[in-house]
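Listed below, chain by chain, are the residues.
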Amino acid sequence: MTTAKNSNLVSIVVIIGLLITVITSVVMINLSNQHKGPEIWSSFVYKNGYNSAAYEMDTDFTSYESCKVHAQNISAKYNNAPWQCGSQCRFDSMRQGFECESMVND
């Protein structure tokens, strides 16, 4: 009878330990995904249209408005090529391209 209680107690402790580990992991992942620092914008001008791999990128804009003005000026040089501004962009080595938290063109 005592070994059954000890076995149940060990099982409960292991389950509680696993739950604490899972909860801690989820909280740490969520905290690491929050961006830190100021919002940085990058402009993308697609010289040969959206479906081409040829784009011109400039970065380190501190506001969407400044990114938009720059992108529109560059777009005009390429016969009003499509453009977008992205916030918090980073290079994704798996996709061999840039990934942004949001892309805007208005």
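Residues numbered from 1 in each chain as written. Predicted model: local features only at pLDDT ≥ 70, side-chain atom pairs only at ≥ 80, totals over all residues. Heavy atoms only, no water.

Undergrad: Before we move on, could you go through the environment of aspartate 58 and cite the residues and values that matter?
TA: Along the polypeptide, aspartate 58 turns up in strand S2 (residues 55–61). Separated by 18 residues in the primary sequence, aspartate 58 and alanine 76 have C-alpha atoms spaced 15 Å apart. One polar contact links aspartate 58 to histidine 70, side chain to side chain, over a distance of 2.6 Å. (Helix = DSSP H or I, 4+ residues; strand = E, 2+ residues; numbered from the N terminus. Polar contact = N/O pair within 3.5 Å; in protein donor to acceptor, adjacent residues only side chain to side chain.)

Undergrad: Explain unusual backbone geometry to me, using residue names and the numbers behind them.
TA: Non-glycine residue asparagine 79 carries a positive phi angle of around 60°. For asparagine 79, the location among the structural elements is in the loop between helix H2 (64–77) and strand S3 (83–87). The exposure class of asparagine 79 is exposed, given its relative accessible area of 69%. Its identity as a non-glycine residue notwithstanding, asparagine 80 has a phi of 55°, on the positive side. Topologically, asparagine 80 is positioned in the loop between H2 and S3. The class for asparagine 80 is exposed, based on a relative accessible area of 61%. (Buried < 20%, exposed > 50% of the residue type's maximum accessible area, 1.4 Å probe, protein only.)

Undergrad: Just give me the short version of the side chain of serine 43, but keep the residues and values in it.
TA: With respect to the helices, strands and loops of the structure, serine 43 is situated in strand S1 (residues 41–46). The exposure class of serine 43 is buried, given its relative accessible area of 1%. When near neighbours in sequence (up to four residues on either side) are disregarded, serine 43 contacts Glu56, Met57, Asp58, Phe61, Cys67, His70, Ala71, Gln84 and Cys85. (Contact = heavy atoms within 4.5 Å.)

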